[in-house]
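Read off the chains here:
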Amino acid sequence: MKKFIYSEDLIDYDINVSNLIKYKNNVNISNKYQNKVLGLIFFNPSLRTRLSTQKAALNLGIKTISINVNKDSWQLEFEDNIVMNGDKPEHIKEAAQVISQYCDIIGVRSFASLENKKTDLEDIIINSFVKYSKVPVINLESAISHPLQSLADALTIKENSKFKNPKIILSWAPHIKPLPHAVANSFIKMCRLCNFDLTITNPKECNLSKEITNGFDVIHDQNTAFKNADFIYAKNWSSFENYGKLIKPKNSWTIDTEKMELTNNAYFMHCLPVRRNLIVTDHVLDSKNNLTINQANNRTFATQYILDKILKNEK
Amino acid sequence: MKKFIYSEDLIDYDINVSNLIKYKNNVNISNKYQNKVLGLIFFNPSLRTRLSTQKAALNLGIKTISINVNKDSWQLEFEDNIVMNGDKPEHIKEAAQVISQYCDIIGVRSFASLENKKTDLEDIIINSFVKYSKVPVINLESAISHPLQSLADALTIKENSKFKNPKIILSWAPHIKPLPHAVANSFIKMCRLCNFDLTITNPKECNLSKEITNGFDVIHDQNTAFKNADFIYAKNWSSFENYGKLIKPKNSWTIDTEKMELTNNAYFMHCLPVRRNLIVTDHVLDSKNNLTINQANNRTFATQYILDKILKNEK
Amino acid sequence: MKKFIYSEDLIDYDINVSNLIKYKNNVNISNKYQNKVLGLIFFNPSLRTRLSTQKAALNLGIKTISINVNKDSWQLEFEDNIVMNGDKPEHIKEAAQVISQYCDIIGVRSFASLENKKTDLEDIIINSFVKYSKVPVINLESAISHPLQSLADALTIKENSKFKNPKIILSWAPHIKPLPHAVANSFIKMCRLCNFDLTITNPKECNLSKEITNGFDVIHDQNTAFKNADFIYAKNWSSFENYGKLIKPKNSWTIDTEKMELTNNAYFMHCLPVRRNLIVTDHVLDSKNNLTINQANNRTFATQYILDKILKNEK
């Protein structure tokens with residue numbers, strides 16, 4: 001395995017999720033890779049990803065070096081063939097080559113701009129690192145993909161499901177800012193790769209990319225979608241068609257106890273951070289059906305599993 | 001020992017200070033806790049605390065992961081039952097539970113707001129971490145408490161005192177900004193727990209909380225207070241009664257050679273950072289009676305002692 | 001060896017460069033200095049230096065603790081005998097003494113102000129650390145010196161030169177901001193210490209300090225200078241005489257293929273970050289004669305060599 005940028009980079013995804021359950025239960029803290037260095041490049045803030053990735057590395061004996069681009073260093077240029085006389089003093093060509101000389105693996109976090117649909121869809125930042133880096137690259141959330149989150153989510157679903165093929169709902173929920181599509185995209189891809197029974201529900205004006213949702217039902221009535229669900233995965237995202245535009249907070253889409261009662265005593269999931277009483281009510285989050293803390297914990301094991309696979313150079 | 005938030009969390013405080021002297025003299029660098037992770041959460045800047053805590057952890061083989069809240073990640077919400085539609089995208093309930101899954105101990109630094117007396121006195125940030133974290137929490141300076149500083153101060157006094165019961169003066173000194181009460185509060189608590197002979201001196205308009213100073217003399221004439229003192233501990237703090245208000249720099253309270261000559265050849269102490277020629281003159285700081293550098297060094301050993309005690313799960 | 005602030009601190013410089021080639025080829029990752037702590041103090045942003053220094057430390061088993069002054073902590077005062085009632089709450093006297101208690105070596109990065117020629121020439125920040133620190137200090141780029149960059153450059157030249165005494169050109173190149181003299185200064189000093197055949201070329205209005213260039217030819221016609229060169233080292237710097245003033249971008253000085261064809265198939269060097277198509281064209285950078293990535297890689301080995309020498313306490 002040479003990179004983990006999109007969920008499909010993990011061949012035999014569903015078998016790997018099963019293996020990951022066993023892996024988690026047999027995790028030993030070791031100095032297995034004590035001479036390896038993981039470089040973490042953050043273009044955006046991070047709490048869970050920053051900590052869980054370092055924790056995963058520690059568990060394997062890997063040393064981490066972190067850089068906050070723009071804060072610790074400076075802005076990078078990603079366009080080719082331009083005269084660099086603006087506010088970006090270094091080109092990704094140099095930066096990626098140089099950084100990859102100091103590291104054995106590189107992790108990159110760079111959110112969508114939500115301004116330039118073309119470069120966001122090309123996932124230009126993470127893919128430039130892949131292109132110019134001499135070592136494997138893992139995705140700590142890019143413009144359109146958050147595969148380590150989804151792998152942790154798959155693990156959480158498999159660990160908690162009472163049924164072989166649970167009914168999963170990905171539900172849009174309100175937010176005050178326009179948010180990227182990365183988490184929703186990767187969750188849907190993961191469900192496809194795991195053959196999960198997924199239904200998506202969102203207001204009409206905020207369908208995700210058809211390329212992504214292709215093959216899954218998209219229902220615009222949240223109550224109908226929730227019926228008999230076993231897992232409710234909540235997430236906000238901005239408009240895809242009217243790219244990056246905020247869909248005004250529709251508080252009727254906030255997930256509350258009443259809606260959860262339509263389900264089959266479903267678990268509640270969210271990638272965090274979650275805005276309480278906007279995305280979901282306190283009552284749902286403080287119930288025993290809340291899996292968000294487990295999801296966050298599983299980030300460590302998902303990341304550790306992938307790091308291990310890459311360093312063992314396994315397919 | 002499950003936490004170190006207030007000085008009184010360390011049972012048999014004075015015996016522990018004596019043990020700490022021996023501990024310091026027998027410090028071995030080891031990999032004793034090489035599988036343990038210490039998470040450091042900074043809501044405010046830090047130099048000594050940041051470095052000495054990492055040094056203490058290194059001496060014990062503990063790995064540290066640091067987060068600068070607001071810079072590396074984002075602001076946290078501490079109020080309950082509110083609709084999170086403002087500038088704080090994550091609630092402490094989630095953050096503390098999540099972080100504590102990645103760590104074996106959490107250290108938190110969060111200064112007083114000096115704006116809301118009630119939440120400052122409740123020490124809401126650090127206590128929320130204690131409430132929601134699944135692992136022990138140590139205080140790297142909270143709104144009203146800085147117990148690791150005071151433990152280092154106790155060690156410094158015991159190491160340097162020529163007498164069994166030295167006369168200690170906690171003296172207010174001028175500053176250009178309103179400062180929190182944490183250092184002064186914890187110093188006073190420590191003196192009580194060690195049965196030290198403490199007198200406090202400050203201008204009339206800036207008495208500390210009576211609950212804290214209860215039982216100690218508070219003298220408003222600095223020169224009188226300094227007579228025959230063995231240790232002068234200088235610190236600025238803002239008004240407690242007129243909460244958080246700046247007491248205008250009174251340069252007559254700056255500690256200088258003339259005042260030090262009233263003492264019994266006293267040592268000078270301060271927690272640092274110290275503003276030269278405002279809090280204290282160059283001459284005093286550059287004299288051999290200056291213990292501030294020793295205090296800073298002792299931060300390492302005080303923290304190491306507490307980390308060791310918590311990980312050994314000692315009372 | 002007690003410090004590495006200026007190139008001349010490395011005695012028998014040219015012998016050491018030869019030793020460094022062997023050192024690099026025999027680098028073993030070890031835990032040789034596993035109880036040692038390297039403190040990295042950044043007053044300015046850093047990418048290569050931050051990563052390569054940590055990588056060098058990792059290779060030797062040294063633990064690193066980093067501080068971003070102004071971001072993680074606060075501003076430091078460097079002036080003596082002043083009343084500290086401004087925006088700098090801590091004096092270097094305290095900070096350096098304190099930090100050096102937690103570390104075995106300190107690395108400091110602090111660029112030139114380009115505002116105060118006198119304090120820049122005195123290199124006041126790094127030299128204050130040397131003065132007050134109790135442990136060795138290494139220079140991660142100061143106001144007027146960047147010796148670890150030049151040591152990596154010397155290594156790169158020796159590794160790649162086809163001749164015993166190659167012709168080296170240090171060429172000014174255009175930039176949009178006034179830049180410090182540190183890299184150019186140290187490159188020239190290194191060439192002197194290595195007995196390299198160096199010629200400097202820059203526009204008339206931006207000669208470097210005569211004290212630095214003394215003994216080397218300075219040619220104001222770039223094309224003439226490039227003839228028969230084996231190495232072109234490009235760098236921008238601001239005016240020395242008209243201190244810190246920007247020399248307006250002269251695009252005629254941009255290094256392009258046409259100019260490189262005047263040389264003896266010369267290698268292209270630059271310390272990075274490099275502004276493409278301003279300092280040098282894409283075509284030159286993307287050619288096989290580009291050594292900038294090698295230079296960056298050699299930063300690790302140069303730093304590791306110096307850290308090792310200091311910790312072994314070798315001359």
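Details of the relation of the copies chain B and chain C
The two chain copies are connected by a rotation around an axis plus a translation along it.
Okay, step 1: Once chain B has been moved 0.0 Å along the axis and rotated by 120°, it coincides with chain C to within an RMSD of 0.0 Å. Interpreted geometrically, this transformation is the action of a three-fold axis. Scanning chain B for the C-alpha nearest the rotation axis identifies Lys71(B), at a separation of 5.1 Å.
Okay, step 2: A share of only 3% of interface residues in chain B that are also interface residues in chain C marks the association as one of differing surfaces.

Some words on the interface of chain B and chain C
Okay, step 1: Counting residues at the interface gives 30 residues for chain B, matched by 30 residues for chain C.
Okay, step 2: Carbon and sulfur atoms supply 59% of the area buried between chain B and chain C, which totals about 2,800 Å² over both sides.
Okay, step 3: One salt bridge in this structure joins Arg276(B) and Glu94(C), with 2.8 Å as the shortest N-O distance.
Okay, step 4: Secondary-structure elements contributing two or more residues to the side of chain B that touches chain C are helix H2 (48-59), helix H11 (282-285) and helix H12 (292-311) of chain B.
Okay, step 5: Tallied by class, residues from the side of chain B that touches chain C come to 13 nonpolar, eight polar and nine charged.

Here we look at the environment of Leu151(B)
Residue and element names in this part refer to chain B.
Okay, step 1: Secondary-structure assignment places Leu151 in helix H6 (residues 147-160).
Okay, step 2: It is 9.6 Å that separates the C-alpha atoms of Leu151 and Gln295, two residues lying 144 residues apart in sequence.
Okay, step 3: Apart from the residues within four sequence positions on either side, Leu151 is in contact with Phe4, Leu10, Tyr13, Val17, Leu20, Ala302 and Ile306.

Here we look at the packing of aromatic side chains
Okay, step 1: Evaluated as defined, the whole model comprises 21 aromatic pairs over all chains.
Okay, step 2: Their ring planes at 90° and their centres at 6.0 Å tell us that Trp172(B) and Trp253(B) sit as a pair that is edge-to-face. With Trp172(B) in strand S8 (residues 167-172) and Trp253(B) in the loop between strand S11 (231-235) and helix H10 (257-260), this pair connects stretches of sequence that are 81 residues apart.
Okay, step 3: Given a relative accessible area of 0%, Trp172(B) falls into the buried group.
Okay, step 4: Note on Phe43(C) and Phe78(C): the rings are 6.0 Å apart at their centroids and 55° apart in plane angle, and the pair reads as tilted. Of this pair, Phe43(C) sits in the loop between strand S2 (37-42) and helix H2 (48-59) while Phe78(C) sits in the loop between strand S4 (76-77) and strand S5 (90-91), and the two are 35 residues apart along the sequence. The residues Phe43(C) and Phe78(C) share a single accessibility class, namely buried.
Okay, step 5: For the cation-ring pair, Arg50(A) lies above Phe42(A), with the distance from its terminal atom to the ring centre recorded as 4.2 Å.

A short note on the interface of chain A and chain C
Okay, step 1: On the chain C side, the residues contacting the 32 residues of chain A number 30 residues.
Okay, step 2: In this assembly, chain A packs against chain C so that about 2,800 Å² is buried in total across both faces, 59% of it on carbon and sulfur atoms.
Okay, step 3: For the interface between chain A and chain C, the tally reads three salt bridges.
Okay, step 4: If you look at where chain A meets chain C, you find nine residue pairs in polar contact (both at pLDDT 80 or more).
Okay, step 5: Those elements that place two or more of their residues in the side of chain A that touches chain C are strand S3 (63-68), strand S5 (90-91) and helix H3 (92-102) of chain A.
Okay, step 6: It is H3(A) that contributes the most residues to the side of chain A that touches chain C, eight residues altogether.
Okay, step 7: Residues that form the side of chain A that touches chain C fall into these classes: 12 nonpolar, 10 polar and 10 charged.

What about the relation of the copies chain A and chain C?
Okay, step 1: With an axial shift of 0.0 Å and an RMSD of 0.0 Å, the rotation relating chain A to chain C amounts to 120°.
Okay, step 2: Little of the interface of chain A is mirrored in chain C, where only 3% of its interface residues are also at the interface.

Concerning the domain arrangement of chain A
Residue and element names in this part refer to chain A.
Okay, step 1: Here chain A is partitioned into domain 1 (3-145 + 297-311) and domain 2 (148-295).
Okay, step 2: Centre-to-centre separation of domain 1 and domain 2, based on C-alpha positions: 25 Å.
Okay, step 3: Roughly 2,800 Å² of surface becomes buried between domain 1 and domain 2 when both sides are summed, with 64% attributable to carbon and sulfur atoms.
Okay, step 4: When the buried surface of domain 1 facing domain 2 is broken down by residue, Tyr13, Leu114 and Lys117 rank first, second and third, together holding 23% of it.
Okay, step 5: Inspection of the region where domain 1 meets domain 2 yields two salt bridges.

With respect to the packing of helix H12 (residues 292-311) of chain A against helix H3 (residues 92-102) of chain B
The description of two helices packed together rests on the angle between their axes and the distance between the axes.
Okay, step 1: Between H12(A) and H3(B), the shortest axis-to-axis distance is 9 Å and the interhelical angle comes to 30°. Between H12(A) and H3(B), the angle is such that the two are roughly parallel. The crossing of H12(A) and H3(B) is right-handed. Touching Ile293(A), Ala296(A), Asn297(A), Arg299(A) and Thr300(A) of H12(A) are Glu94(B), Gln97(B), Val98(B), Gln101(B) and Tyr102(B), all from H3(B).
Okay, step 2: The residue makeup of the contact of H12(A) with H3(B), split by class, is four nonpolar, four polar and two charged.

Comments concerning the sheet that holds strand S12 (residues 267-269) of chain A
Residue and element names in this part refer to chain A.
Okay, step 1: Spatial strand order, S10-S9-S8-S11-S12: five strands in an open sheet with parallel pairing. Pairing within the sheet leaves two strands with one partner each, and these edge strands are strand S10 (217-219) and S12. Ignoring strand direction, the axes of neighbouring strands in this sheet form an average angle of 25°.
Okay, step 2: Of the strand pairs in this sheet, strand S9 (residues 197-201) and S10 are connected by three bridges, and their pairing is parallel. Bridging across to S10, Ile200 finds its partner in Val218.

Some thoughts on unusual backbone geometry
Negative phi is the rule for most residues except glycine; trans is the rule for most peptide bonds.
Okay, step 1: Of note, the bond from Leu272(A) into Pro273(A) is cis; its omega dihedral lies within 30 degrees of zero at 0°.
Okay, step 2: Tracing the sequence through the fold places Pro273(A) in the loop between S12 and helix H11 (282-285).
Okay, step 3: Positive phi, normally seen in glycine, also occurs at Asn277(B), with a value near 65°.
Okay, step 4: Structurally, the position occupied by Asn277(B) is in the loop between strand S12 (267-269) and H11.

Description of the pairing of strand S11 (residues 231-235) of chain C
Residue and element names in this part refer to chain C.
Okay, step 1: With respect to burial, S11 is a largely interior element, five of its five residues being buried.
Okay, step 2: In terms of strand pairing, strand S8 (residues 167-172) meets S11 through five bridges, oriented parallel. Counted as the bridge partner of Ile169 is Ile232 from S11.
Okay, step 3: Sheet analysis places S11 next to strand S12 (residues 267-269), joined by three bridges and oriented parallel. Residue Phe231 lies in a different strand from S12, and its bridge partner there is Tyr267.

Quick look at the confidence of the model for chain A
Caution applies to low-pLDDT parts of the model: their predicted coordinates are not meant to be read in detail.
Okay, step 1: Across chain A, the average pLDDT comes to 95, with 99% of residues at or above 70.
Okay, step 2: Note on the complex model: pTM 0.95, ipTM 0.93.

Let's talk about the sheet that holds S2(C)
Residue and element names in this part refer to chain C.
Okay, step 1: Ordered by their spatial adjacency, five strands build an open sheet running S1-S7-S6-S2-S3, and the pairing between neighbours is parallel. Edge positions in the sheet fall to strand S1 (3-4) and strand S3 (63-68), since each of these pairs with one other strand and no more.
Okay, step 2: Two strands pair when backbone bridges link them, and S2 and S3 are joined in this way by six bridges, in the parallel orientation. Residue pairing for S3: Leu38 is matched across the bridge by Thr64.
Okay, step 3: Sheet contacts for H2: S2, S3 and strand S6 (105-109); angle to S2, the most-contacted strand, approximately 175°.

How each quantity is defined
- Residues numbered from 1 in each chain as written.
- Chains lettered and ligands numbered in written order.
- Predicted model: local features only at pLDDT ≥ 70, side-chain atom pairs only at ≥ 80, totals over all residues.
- Heavy atoms only, no water.
- Least-squares fit on C-alpha atoms with pLDDT ≥ 70 in both.
- Contact = heavy atoms within 4.5 Å.
- Buried area = accessible area lost by both parts, 1.4 Å probe.
- Salt bridge = Lys/Arg side-chain N within 4 Å of Asp/Glu carboxyl O.
- Helix = DSSP H or I, 4+ residues; strand = E, 2+ residues; numbered from the N terminus.
- Nonpolar A, V, L, I, M, F, W, Y, C, P; charged D, E, K, R; others polar.
- Phe/Tyr/Trp six-rings, centres within 6.5 Å; stacked < 30°, edge-to-face > 60°.
- Buried < 20%, exposed > 50% of the residue type's maximum accessible area, 1.4 Å probe, protein only.
- Lys NZ or Arg CZ within 6 Å of the ring centre and 35° of its normal.
- Polar contact = N/O pair within 3.5 Å; in protein donor to acceptor, adjacent residues only side chain to side chain.
- Domains from an automatic or database assignment.
- Axes fitted to C-alpha atoms, helices over the stretch in contact; angles between N-to-C directions.
- Parallel < 35°, antiparallel > 145°, perpendicular 65-115°, else oblique.
- Left-handed = near helix turned anticlockwise from the far one by under 90°.
- Pairing = 2+ DSSP bridges.
- pLDDT = per-residue confidence, 0-100.

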